[in-house]
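Breakdown of the fold
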Amino acid sequence: MIEYAYIFAFGCFALAMLMNLWKVVTGTEVTDRILALDTMFINSIALVVLFGVFLSSEIFFEASLIMAMLGFISTVAYARFLLRGNIIE
């Protein structure tokens, strides 16, 4: 019974990532694409955590923390590039 819940959750997050990918490809503005990429990071973190729960392994939680830091830094870098034209001053 629990396996069905994992399959359903994996399917939902995979579908959300596909919808975000569609927004990245067809986004009209750069800001829409940046937000879609950030949401893709969040969905991928959720998939990694869910996979870690499924396998009962702690290493996936550490990997998700690294992914969260990279997602935050990349979103800030994209936003800073849009506002100022450069990343490093």
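Provided above is the structure to which this section pertains.
As a starting point, this report considers the structure included with it. (Residues numbered from 1 in each chain as written. Predicted model: local features only at pLDDT ≥ 70, side-chain atom pairs only at ≥ 80, totals over all residues. Heavy atoms only, no water.)

Focus on the side chain of Asn 20
On the secondary structure map, Asn 20 appears in helix H1 (residues 2-26). If we skip the residues at most four places from it in the chain, Asn 20 touches Ala 36, Thr 39, Met 40 and Asn 43. (Helix = DSSP H or I, 4+ residues; strand = E, 2+ residues; numbered from the N terminus. Contact = heavy atoms within 4.5 Å.)

Comments concerning the packing of helix H2 (residues 30-55) against helix H3 (residues 59-84)
The contact between H2 and H3 brings their axes to 9 Å, and the two run at 175 degrees. Our classification of the angle between H2 and H3 gives roughly antiparallel. Grouping the amino acids of the contact of H2 with H3 by side-chain chemistry returns 17 nonpolar, seven polar and one charged. (Axes fitted to C-alpha atoms, helices over the stretch in contact; angles between N-to-C directions. Parallel < 35°, antiparallel > 145°, perpendicular 65-115°, else oblique. Nonpolar A, V, L, I, M, F, W, Y, C, P; charged D, E, K, R; others polar.)

Details of a nonpolar patch on the surface
Judged by side-chain polarity, Leu 15, Leu 18, Met 19, Leu 21 and Val 25 come together as a nonpolar surface patch covering roughly 510 Å² of accessible area. Considering the arrangement of structural elements, one finds Met 19 in helix H1. Residue Met 19 is classed as exposed on the basis of its relative accessible area, which comes to 53%. (Patch = residues over 30% accessible without salt bridge, like charges linked within 9 Å, V, L, I, M, F, W, Y side chains within 5 Å. Areas by Shrake-Rupley, 256 points an atom, 1.4 Å probe, with all protein chains shown as cover. Salt bridge = Lys/Arg side-chain N within 4 Å of Asp/Glu carboxyl O. Buried < 20%, exposed > 50% of the residue type's maximum accessible area, 1.4 Å probe, protein only.)

Concerning the packing of aromatic side chains
Inspection of every chain in the model, using the stated rule, returns four aromatic pairs. Aromatic pair Phe 10 and Phe 51: ring centres 6.4 Å apart, planes at 65 degrees, arrangement edge-to-face. One end of the pair, Phe 10, is in helix H1; the other, Phe 51, is in helix H2, with 41 residues separating them in the sequence. Residue Phe 10 is classed as partly exposed on the basis of its relative accessible area of 22%. Residue Phe 51 is classed as partly exposed on the basis of its relative accessible area, which comes to 34%. Both rings, one in Phe 10 and one in Phe 54, keep their centres 6.4 Å apart while their planes meet at 85 degrees; by these two values the pair is edge-to-face. Placement of Phe 10 in helix H1 and of Phe 54 in helix H2 is noted, with a sequence separation of 44 residues between them. Judged by relative accessible area, which is 38%, Phe 54 ranks as partly exposed. Counting every residue linked through ring pairs, the aromatic cluster contains Tyr 6, Phe 10, Phe 51, Phe 54 and Phe 60. (Phe/Tyr/Trp six-rings, centres within 6.5 Å; stacked < 30°, edge-to-face > 60°.)

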